[in-house]
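# Observations on the model geometry
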Amino acid sequence: MHAPRKVVITGASGNVGTALLRLFAAQEPGTAVTGIARRTPPQSSPYARAHWHEIDLTRHDAHTALVPVLEGADAVVHLAIAFQPARDRKYLRRTAVAGTRAVARAARAARVGHLVHLSSAAVYSPGAYGVPASEQ
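Now for a look at the structure at hand. (Residues numbered from 1 in each chain as written. Predicted model: local features only at pLDDT ≥ 70, side-chain atom pairs only at ≥ 80, totals over all residues. Heavy atoms only, no water.)

### Description of the pairing of strand 2 (residues 32-37)
As a reminder of what qualifies: Accessible area is worked out with a 1.4 Å probe on protein chains only. A residue is then buried under 20% of its type maximum, exposed over 50%, and partly exposed in between. Only DSSP runs of H or I covering at least 4 residues are called helices, and only runs of E covering at least 2 are called strands; the numbering of each starts at the N terminus. When DSSP locates at least two bridges between a pair of strands, those strands are taken to pair. When the strands point away from the viewer, a crossover counts as right-handed if the route from the first strand across the helix to the second turns clockwise.
Of all six residues in strand 2, five are buried; the element is thus mostly enclosed. Bridging between strand 1 (residues 6-10) and strand 2 involves five bridges; their strand directions are parallel. The partner of Thr10 across the bridge, within strand 2, is Ile36. You can see the chain leave strand 1, run along helix 1 (residues 15-27) and come back into strand 2, and the turn it takes is right-handed. Two elements, strand 2 and strand 3 (residues 51-54), share four bridges in a ladder whose sense is parallel. The partner of Ala37 across the bridge, within strand 3, is Glu54.

Below you can see the structure in the form of structure tokens.
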């Protein structure tokens, strides 16, 4: 199996995205990495490893903004999530559901061969803060 030539990572400035940037720097130095985030991080290690695009996946035109960024990519790794502000459930849903839909639609339109999506384990049950949720 050959190394991908271009990988696009949504949520690339988050915890998992940062770890993935470090991995690409160490193990796949020939792969072009494009990072997508709401805000571009500082151009220091490991963020300098990626070419950045500021795209908020809650935008109504996120799909349209993503297509040209995804064109030519071998893979898209969708890591973008939002868990704050917890009181704004509509925003959280727009990020998780509408944002994921926009990424999937854009990946299809751009003819990306692979889409990897990491779902948040923190979002699995409605409930009150400080009250344990049943695994049922």
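What follows picks up the thread again.
### Quick notes on the packing of helix 2 (residues 62-70) against helix 3 (residues 89-109)
Here is the rule: Orientation is described by axes fitted as lines to C-alpha atoms, over the contacting stretch for helices, and by angles from 0 to 180 degrees between their N-to-C directions. Every angle not falling under 35 degrees, over 145, or within 65 to 115 is termed oblique; those three ranges are roughly parallel, roughly antiparallel and roughly perpendicular. Definitions for this section: a left-handed crossing has its near helix turned counterclockwise from the far helix by less than a right angle. A right-handed crossing has that turn clockwise. Contacts are residue-level and defined by heavy atoms, with any inter-residue pair within 4.5 Å sufficient. Amino acid classes used here: Ala, Val, Leu, Ile, Met, Phe, Trp, Tyr, Cys and Pro are nonpolar; Asp, Glu, Lys and Arg are charged; the rest, including Gly, are polar.
Where helix 2 contacts helix 3, the two axes come as close as 8 Å, and the packing angle between them is 45°. When the axis of helix 2 is compared with that of helix 3, the two are oblique. Between helix 2 and helix 3 the crossing geometry is right-handed. Contacts between helix 2 and helix 3 involve Ala62, His63, Leu66, Val67 and Leu70 from the former and Ala102, Val103, Arg105, Ala106, Ala107 and Ala109 from the latter. Class assignment of the residues belonging to the contact of helix 2 with helix 3 gives a composition of nine nonpolar, one polar and one charged.

### Describing the pattern of salt bridges
Operational definition: Salt bridges are defined as contacts in which a side-chain nitrogen from Lys or Arg sits within 4 Å of a carboxyl oxygen from Asp or Glu.
Under the defined criterion, the tally for this structure stands at two salt bridges. A salt bridge links Arg59 to Asp61, with the shortest nitrogen-to-oxygen separation between them at 2.8 Å. Residue Arg59 is classed as partly exposed on the basis of its relative accessible area, which comes to 34%.

### Quick word on the layout of surface pockets
Just so we agree on the cut-off: Using protein atoms alone on a 1 Å grid, points that fit a 1.4 Å probe yet trap it form a cavity, whereas open point sets bounded by protein on both sides within 12 Å along at least five of seven lines form a pocket; residues with an atom within 4 Å of a point count as lining. Grid points are joined across faces, edges and corners, and a volume is the space filled by probe spheres set on the points.
Approximately 560 Å³ is the volume found for the second largest pocket. Lining the second largest pocket are 25 residues, with Gly11, Gly14, Leu79, Ala80 and Ile81 positioned closest to its centre. Mapped onto the lining of the second largest pocket, the elements with two or more residues apiece are helix 1, strand 2 and helix 3. Among the elements that make up the lining of the second largest pocket, the one with the highest residue count is helix 1 (three residues). In the lining of the second largest pocket, the residues fall into 13 nonpolar, nine polar and three charged.

### Points about helix 3
Cut-off, in case you're wondering: Between the first and last residue of a helix there are one fewer steps than residues, each counted as 1.5 Å, and that sum is the expected span. Here the bend at each residue means the angle between axes fitted to two seven-residue stretches, the one ending at that residue and the one beginning there.
Taking 1.5 Å as the rise per residue, helix 3 with 21 residues should run 30 Å; its terminal C-alpha atoms sit 29 Å apart, in good agreement. The principal kink in helix 3, of about 30°, is found at Ala98. Within helix 3 the residues assigned to the buried category are Tyr91, Leu92, Thr95, Gly99, Ala102, Val103, Ala106 and Ala107. Two residues or fewer after helix 3 comes Arg111, characterised by a positive phi angle close to 60°.

### Overview of the environment of Leu115
Tracing the sequence through the fold places Leu115 in strand 5 (residues 114-117). Linking Leu115 and Val7, residues 108 residues apart in sequence, is a C-alpha distance of 10.0 Å. Ignoring anything within four residues of it in the chain, the contact list for Leu115 reads Val76, His78, Val103 and Ala104.

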